[in-house]
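Topology and contacts: notes
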Amino acid sequence: MKSSNKLPLRIGVGIVLLNEKNNIFVGKRIDNPGRFWQMPQGGVNNDENFLDAAKRELVEETSIKSAKLIKELDSWFEYELPKNLLGKIWKGK
């Protein structure tokens, strides 16, 4: 896939958080509260492995400090921001 924007791709993690009833947690975005929701996610720092990054993001975004890992995906997913959002969200990064 050829990149259409000039921003570098960042390695990130995402979390699907379930409760005891198998309900999925989805949070409303603070930076765009109108109609945008998402699951906890974020970038991986240079000194982190994926699981540590996922735990850190979970605490940062939800204050949840305890969760049990059920499954870790075996493959990568890649996405780019739509052109209309470039430079407008995430401080242009």
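To keep things clear, this report deals only with the structure shown in the data block. (Residues numbered from 1 in each chain as written. Predicted model: local features only at pLDDT ≥ 70, side-chain atom pairs only at ≥ 80, totals over all residues. Heavy atoms only, no water.)

**A short note on the overall build of the protein**
Filter applied, for reference: By the criteria applied, helices consist of DSSP H or I runs no shorter than four residues and strands consist of E runs no shorter than two, each listed in order from the N terminus. Only protein chains enter the accessibility calculation, which uses a 1.4 Å probe; a residue is then buried when its area is under 20% of its type maximum, exposed when over 50%, and partly exposed in between. Pairs of residues are marked as contacts when any of their non-hydrogen atoms sit within 4.5 Å. Note on areas: Shrake-Rupley with a 1.4 Å probe; residue coverage comes only from the protein chains shown.
The secondary structure content of the protein amounts to 1 helix and 4 strands. Start at the N end of the protein and walk to the C end: the helices and strands fall as β-β-β-β-α. Across the 93 residues in the protein, those meeting the buried criterion constitute 19%. Taking all contacts inside the protein whose residues are at least 6 apart in sequence as the whole, residues at least 24 apart take part in 52%. Taken as a whole, the protein presents about 8,100 Å² of accessible surface, with 55% of it coming from carbon and sulfur.

**Some words on the environment of glutamate 72**
Residue placement: glutamate 72 occurs in the segment after helix 1 (50–62). Judged by relative accessible area, glutamate 72 falls into the partly exposed class, the value being 44%. In this structure, the C-alpha to C-alpha distance between glutamate 72 and leucine 51, residues 21 residues apart in sequence, is 8.7 Å.

**Quick notes on the pattern of salt bridges**
Oppositely charged side chains can pair when the atoms bearing their charge come close. Definition in use: In what follows, salt bridge is the name for a side-chain nitrogen of Lys or Arg lying within 4 Å of a carboxyl oxygen of Asp or Glu.
Taken as a whole and assessed by the stated rule, the structure comprises 4 salt bridges. One salt bridge in this structure joins arginine 56 and glutamate 48, with 2.7 Å as the shortest N-O distance. Residue classification places glutamate 48 among the buried residues on the basis of a relative accessible area of 18%. Salt bridges here are not isolated pairs; linked through shared partners, they connect Glu48, Arg56, Glu57 and Glu60.

Note that every value here comes from positions in space, so none of it alone points to a role or purpose.
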